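Architecture and fold: a report
Each chain is listed here by its residues.
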Amino acid sequence: KKIHSLKTMKLSSIVVTLILTVGVPYYIYTPLPAAIEDHLKLMLLDALFRAMLQGDLCQCLGLSHHITVIRGSTLGLGSPGEMAGGQGGGMRVSDVDFDRVPVRVYEPPAAGGGDGGLRRAVMFYHGGGWALGTTKMGSYDVLCRQMSDELNAVVVSVEYRLAPEVHFPVQYEDCLAAAKHFLEPGILGKLSVDPQRVAVSGDSAGGNLAAAVAQQISVDDSVRVKFSVQALIYPVLQGLDLNTPSYQQNHNMPMLHRSMMARFWLLYLGVDTSLHPLLLSPSFLHHPSIPPSVRSHLNWTTLLPAKHIKHYKPVGMEMGSQEVTGQEGDLLPGLLDVRAAPLLAEQGVLSRTPRAYILTCEYDVLRDDGLMYTRRLQDAGVAVSSHHYDDGFHGALSFAHWPFFFDVGERMIRGYMDWLQENL
C-alpha cells in the first residue's frame, strides 16, 4: 500500500507539473502585433488581470465580490502612491470633500501664474470600468503630482463611488457634484485658480465621466464658470455597438478585451450578467427600440477615417418587430442615456462643449469611440486635437512608470502634458 501510495503521489505530481508546464503558457500567451513593445511583459500583465477578473475563484474561496478583491490587489499599480497631508517638494496634498464627494487636492508650492498669481486647474476622473481604481492608486497619484508640478496647476482627483456598491448614475452624479463645487467662484478663489483656465480630464471610464460632465456643465446656465478644455484619454463613450472595427480588430487585445468591456457596462448599469451575450450581439444595435437618430450618432461607416475602417463591415441583422421585454428593458435605457454614453449627445449640446484633446490607441477596443467623438465634436464646430498612437494599447499611460516602463506610456504622458501646457 505504501509503495502504491508513493507511486500515486508521484504520478499526481507529474500530472500537475505537466498541466502547469502546458497550461500556464497557454493561458498567458496572446498573439500581439509587432508594433507593440515588450510582448512578454504585456502578456503577463494581461494574464494576471484576466485571472483576477474571473470571479469563480473568489466565490469558491468564500471571498467577497471579486471586484473588491481586485481593488485591493491593484491599489499599488504602477509607482507607489503617497499619503496625503504631506508637502513633499513644497506641494501640498490633502484629502477633503467637495459637496460630500471625497477628492484629493494637489496644490503646487506657490502661486506663479501670470494673472495676479492665479493658477491653472485640472479636475481628473480615474479609470477602471466604473468599478476599479482610486485617487490613491500609484499610477494616478504620480500622474496628478506630475500635472500639478509641471503645469503649476491645482489638480483635483475625484474619489467617486464604484460598482458594484452603486450603479449608474451615481458615479456620474458624484463627478458632477464635485465639478460644480469646484467651479464655484469662492472655491476657485480660495485655491488661487484662474476661472478661465480649468480643465476636466480622465482616462477610460474616467474619460467617459469627463465627457459627460463637460456636456452637462456646458449647458447648465446655473454654473457661471465653465471648463475651458476637456482632455479625454482613450475614453469609453458608448455601449450600444461593441462591433465597431476596433472592437472586431482588438477583441482579445490587452489590456481590455471586448468581453471584459461588456461586463464593465453591465456592472455599471446594474443589470443582470445574463445579458452579456445580448450586449455583444451584432443584432443589438438594430433593436427596434433604438431610434434611427441614435444609430446615426455612432454610424462608424461615416464617422471613421477610411484607414481605421480597413476591411471591416457592419455586422448584424434587423431584429424585426421584436419588442423590449424583461431584462432588455433594464439595459437599453442606460445605454441610451447621454450621461452614460456621451457620444450620443445632440449636436446642439456638443457645440457648447470646450475645445478637446482626445487620445486614442490603435490596439484598443475603445479606439473608435474616441475617433467618432472627435468627428462629431468637429462637425459641431469644436476644436479638437486628436492624438493617435499606432503602437498604443488600452491602459498604456498607467504603465509608464516603475515597475513597467512602457515607452509608449511615457510618450502619452509627455504628449498629454505638452497639450495642456499649451492649451490650458
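See the structure above.
Below, the structure is looked at part by part. Note that the coordinates shown come from a computational prediction; the quantities given were computed from them, not determined experimentally. (Residues numbered from 1 in each chain as written. Predicted model: local features only at pLDDT ≥ 70, side-chain atom pairs only at ≥ 80, totals over all residues. Heavy atoms only, no water.)

1. Re the overall build of the protein chain
- Tallying secondary structure elements over the protein chain gives 18 helices and eight strands in all.
- Out of the 424 residues belonging to the protein chain, those deemed buried represent 56%.
- Considering only contacts within the protein chain whose residues lie at least 6 apart along the sequence, 75% involve residues at least 24 apart.
- Here the protein chain displays about 18,000 Å² of accessible surface, and carbon together with sulfur accounts for 58% of that area. (Helix = DSSP H or I, 4+ residues; strand = E, 2+ residues; numbered from the N terminus. Buried < 20%, exposed > 50% of the residue type's maximum accessible area, 1.4 Å probe, protein only. Contact = heavy atoms within 4.5 Å. Areas by Shrake-Rupley, 256 points an atom, 1.4 Å probe, with all protein chains shown as cover.)

2. A few points about the side chain of Arg120
- When you line up the elements, Arg120 lands in strand E3 (residues 119-125).
- No salt bridge is formed by the buried Arg120; its nearest oppositely charged neighbour, Asp194, is found at 8.6 Å.
- A distance of 3.1 Å separates a polar atom in the side chain of Arg120 from the backbone oxygen of Leu151.
- Side chain to side chain, Arg120 and Gln421 meet in a polar contact 2.4 Å long.
- Leave out the neighbours within four places in its chain, and Arg120 touches Leu151, Asn152, Ala153, Val154, Val193, Arg197, Leu420, Gln421 and Leu424. (Lys, Arg positive; Asp, Glu negative; His and termini not counted. Salt bridge = Lys/Arg side-chain N within 4 Å of Asp/Glu carboxyl O. Polar contact = N/O pair within 3.5 Å; in protein donor to acceptor, adjacent residues only side chain to side chain.)

3. Here's the deal with empty space enclosed by the protein
- Applying the stated rule across the entire model yields one cavity of 30 Å³ or more.
- Of the pockets and cavities examined, the largest cavity occupies roughly 30 Å³.
- The element that contributes the greatest number of residues to the lining of the largest cavity is helix H5 (residues 138-151), accounting for three residues.
- Here the residues of the lining of the largest cavity are counted per class, giving four nonpolar, three polar and no charged. (1 Å grid on protein atoms, 1.4 Å probe; cavity = no way out; pocket = protein on both sides within 12 Å on 5 of 7 lines; lining within 4 Å. Points joined across faces, edges and corners; volume = space filled by probe spheres on them. Nonpolar A, V, L, I, M, F, W, Y, C, P; charged D, E, K, R; others polar.)

4. A short note on the sheet that holds strand E7 (residues 355-363)
- An order of E1-E2-E4-E3-E5-E6-E7-E8 is seen for the eight strands of this open sheet, with the pairing classed as mixed. What marks the edges here is a single partner per strand, and that holds for strand E1 (92-98) and strand E8 (384-393). Neighbour-to-neighbour, the strand axes of the sheet open up by a mean angle of 20 degrees, direction not taken into account.
- Bridge count for strand E6 (residues 229-233) against E7 is five bridges, and the pairing is parallel. For Ala231, the partnering residue across the bridge sits in E7 and is Tyr357. (Pairing = 2+ DSSP bridges. Axes fitted to C-alpha atoms, helices over the stretch in contact; angles between N-to-C directions.)

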